[in-house]
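Now for the letters of each chain:
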2 protein chains.
Amino acid sequence: MNAYKQILVAVDLSGDSQRVCRQALEVANGNGASIFLLHVVEIIYQVSVASEPMFYPAFEDISQNEEELIKLSKAKMADLIRGLQTGENVRIESDVISGIPKAEILRIAEEKQTDLIVCGSHGRSGFELLLGSTANAILHHAPCDVLAVRTKKNTE
Amino acid sequence: MNAYKQILVAVDLSGDSQRVCRQALEVANGNGASIFLLHVVEIIYQVSVASEPMFYPAFEDISQNEEELIKLSKAKMADLIRGLQTGENVRIESDVISGIPKAEILRIAEEKQTDLIVCGSHGRSGFELLLGSTANAILHHAPCDVLAVRTKKNTE
């Protein structure tokens, strides 16, 4: 009755993604759940400032770069899925899109009527805390339950 | 291999605790997991300020009050456990202690070598966000995975 049926797994395609996926599969196993693996390529727009005396900021054309990143990520996603030992009763789909990760993860969760979002969660110090801001935003704004899989030990 | 075996469920003994526990049981079911239900009575020391012209703050003796709160919470915990339909293969223990909830939850998680902490997570607005600070602290400092069970819809 309370089993999770629609699970969205947000992966950054780092080395930790295997562990995050394995935990999602563990929760899904035997429930006839569907797992949707999502990677969001974060596009950071670079602003070039022309040399003096002109200070017009200009956005670089990054559309080509974006396409390459998505292609590369799709290949990594395929590798990740190949490496997973899925249960008999779990259906896996995936997608790679571009945008702001937390916004896209929440949008897709809503769209797919997800009942559990699984994401990696970093430790508490410095740069890792910064990276963990996606998990934090998801925790506060998710329309559903959230499983944060610890990818770095706090003692490290 | 990756199944959660030691699950710590942090409950506030509100009406939402049943739902939080049910999700924990769902994850535990069939894994031979142990569930430890923990409630932390939050002791807020009240400062009484004597009327003018004396401004000495005085801490009230709340030890008796604390004992009563723990007794009341233990009765509520027993009710909660009675109301749960546990799987055949799940062992449930519980405790009620006093202190700062996030600190005590993390301390007990460490002590019991917990591999999953389950807690309720409130919505994002106003007072609910404040209440959610325990879930937030747990997410950032937990030595293990965290399942945040949404107890209020964001749309409410």
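Not measured: the values here are computed from a predicted model.

Undergrad: Describe in detail the overall build of chain A, supporting the description with residues and values.
TA: When its secondary structure is counted, chain A shows five helices and seven strands. Going from N to C terminus, chain A has its helices and strands arranged as β-α-β-β-β-α-β-α-β-α-α-β. The buried share of chain A, taken over its 156 residues, is 44%. For chain A, the share of sequence-separated contacts (at least 6 apart) that also reach a separation of at least 24 residues comes to 76%. Carbon and sulfur atoms make up 51% of the accessible area of chain A, which totals about 8,700 Å².

Undergrad: So what's going on with the sheet that holds strand E1 (residues 6–10) of chain A? Residues and values would help.
TA: On the basis of which strands lie adjacent, the open sheet formed by 10 strands has the order E5(A)-E2(A)-E1(A)-E6(A)-E7(A)-E7(B)-E6(B)-E1(B)-E2(B)-E5(B) and mixed pairing. Each edge of the sheet is formed by a strand with only one pairing partner; in this case those strands are strand E5 (91–99) of chain A together with strand E5 (91–99) of chain B. Averaged over all neighbouring strand pairs, the angle between strand axes comes to 20 degrees, with direction disregarded. Helix-sheet contacts for helix H1 (residues 17–28) of chain A involve E1, strand E2 (34–42), E5, strand E6 (116–121) and strand E7 (145–150) of chain A together with strand E7 (145–150) of chain B, and the interaxial angle to E1 of chain A is about 170 degrees. Relative to the sheet, helix H3 (residues 101–111) of chain A contacts E1, E2, E5 and E6 of chain A, its axis offset from that of E2 of chain A by approximately 155 degrees.

Undergrad: Explain the packing of aromatic side chains to me, and be specific about the residues and the numbers.
TA: One pass over the full model with this rule turns up zero aromatic pairs over all chains. Above the plane of the ring of Phe 36 of chain A lies Lys 112 of chain A, whose end atom (NZ or CZ) is 4.3 Å from the centre.

Undergrad: Any chance you could break down the pairing of E1 of chain A for me, citing the residues and the numbers?
TA: Residue and element names in this part refer to chain A. Counting buried residues along E1, four of its five residues qualify, which places the element largely inside the surrounding structure. Direction of pairing for E1 relative to E2: parallel, over a ladder of five bridges. Each bridged residue has a counterpart across the sheet, and for Ile 7 the counterpart in E2 is Ile 35.

Undergrad: Quick one: what's the story with the pairing of E6 of chain A, residue by residue and with numbers?
TA: All names here are of chain A. Counting buried positions along E6 yields five of six residues, so the element is predominantly enclosed. Bridge analysis of E6 against E7 gives six bridges, and the strand direction is parallel. Bridge pairing links Cys 119 to Ala 148 in E7.

Undergrad: So what's going on with helix H3 (residues 101–111) of chain B? Residues and values would help.
TA: Among all positions of H3 of chain B, only Pro 101, Glu 104, Ile 105, Leu 106, Ile 108 and Ala 109 of chain B are buried. Directly after H3 of chain B, the chain includes Gln 113 of chain B, whose backbone phi takes a positive value near 50 degrees.

Undergrad: Report on the environment of Ala 24 of chain A, specifying residues and quantitative values.
TA: The residue Ala 24 of chain A is located in helix H1 in this model. Ignoring any residue separated from it by four or fewer positions in sequence, one finds Ala 24 of chain A in contact with Ile 7, Val 9, Ile 35 and Val 118 of chain A.

Undergrad: For unusual backbone geometry, give the residues involved together with the corresponding values.
TA: The backbone of Leu 13 of chain A sits at a positive phi, close to 65 degrees, despite the residue not being glycine. For Leu 13 of chain A, the position within the fold is in the loop between E1 and H1.

Undergrad: A description of the side chain of Ser 73 of chain A should follow, citing residues and the corresponding values.
TA: All names here are of chain A. Tracing the backbone through its elements, the reader meets Ser 73 in helix H2 (residues 63–83). The buried category is assigned to Ser 73, whose relative accessible area is 9%. For Ser 73, the contacting residues outside a window of four places in its chain are Leu 13, His 39, Val 41 and Val 96.

Undergrad: Just give me the short version of the environment of His 141 of chain A, but keep the residues and values in it.
TA: Among the structural elements, His 141 of chain A can be located in helix H5 (residues 133–141). A sequence separation of 103 residues divides His 141 of chain A from Leu 38 of chain A, and the C-alpha atoms of the two residues are 17 Å apart.

Undergrad: Please give an account of the pattern of salt bridges that cites residues and values.
TA: This model, assessed by the stated rule, comprises 10 salt bridges over all chains. The closest approach of N and O atoms between Asp 79 of chain A and Arg 82 of chain A, which form a salt bridge, is 2.6 Å. Separated by three residues within a single helix, Asp 79 of chain A and Arg 82 of chain A lie in helix H2, roughly one turn from each other. Asp 79 of chain A sits in the partly exposed class, given a relative accessible area of 47%. With its nearest N and O atoms 2.9 Å apart, the salt bridge here joins Arg 19 of chain B to Asp 145 of chain A. Highlighted residues: Arg 19 of chain B in helix H1 (residues 17–28) and Asp 145 of chain A in strand E7, drawn from two different chains. Among the residues examined, Arg 19 of chain B registers a relative accessible area of 29% and is labelled partly exposed. One network of salt bridges, with partners in common, ties together Glu 104, Arg 107 and Glu 111 of chain A.

Undergrad: Describe the confidence of the model for chain A, naming the residues involved and giving the relevant values.
TA: The predicted coordinates ought not to be read in detail in places where the model reports low pLDDT. All names here are of chain A. Overall, the prediction assigns chain A a mean pLDDT of 80, with 72% of residues at 70 or greater. Mean pLDDT values over the elements of chain A span from 48, in helix H4 (residues 126–131), up to 96, in E1. Contacts for the low-pLDDT stretch residues 125–129, under 50 throughout, to residues beyond four places or in other chains number six contacts. Interface confidence for the predicted complex, expressed as ipTM, amounts to 0.78; the pTM equals 0.81.

Basis of the calculations
Residues numbered from 1 in each chain as written. Chains lettered and ligands numbered in written order. Predicted model: local features only at pLDDT ≥ 70, side-chain atom pairs only at ≥ 80, totals over all residues. Heavy atoms only, no water. Helix = DSSP H or I, 4+ residues; strand = E, 2+ residues; numbered from the N terminus. Buried < 20%, exposed > 50% of the residue type's maximum accessible area, 1.4 Å probe, protein only. Contact = heavy atoms within 4.5 Å. Areas by Shrake-Rupley, 256 points an atom, 1.4 Å probe, with all protein chains shown as cover. Pairing = 2+ DSSP bridges. Axes fitted to C-alpha atoms, helices over the stretch in contact; angles between N-to-C directions. Phe/Tyr/Trp six-rings, centres within 6.5 Å; stacked < 30°, edge-to-face > 60°. Lys NZ or Arg CZ within 6 Å of the ring centre and 35° of its normal. Salt bridge = Lys/Arg side-chain N within 4 Å of Asp/Glu carboxyl O. pLDDT = per-residue confidence, 0-100.

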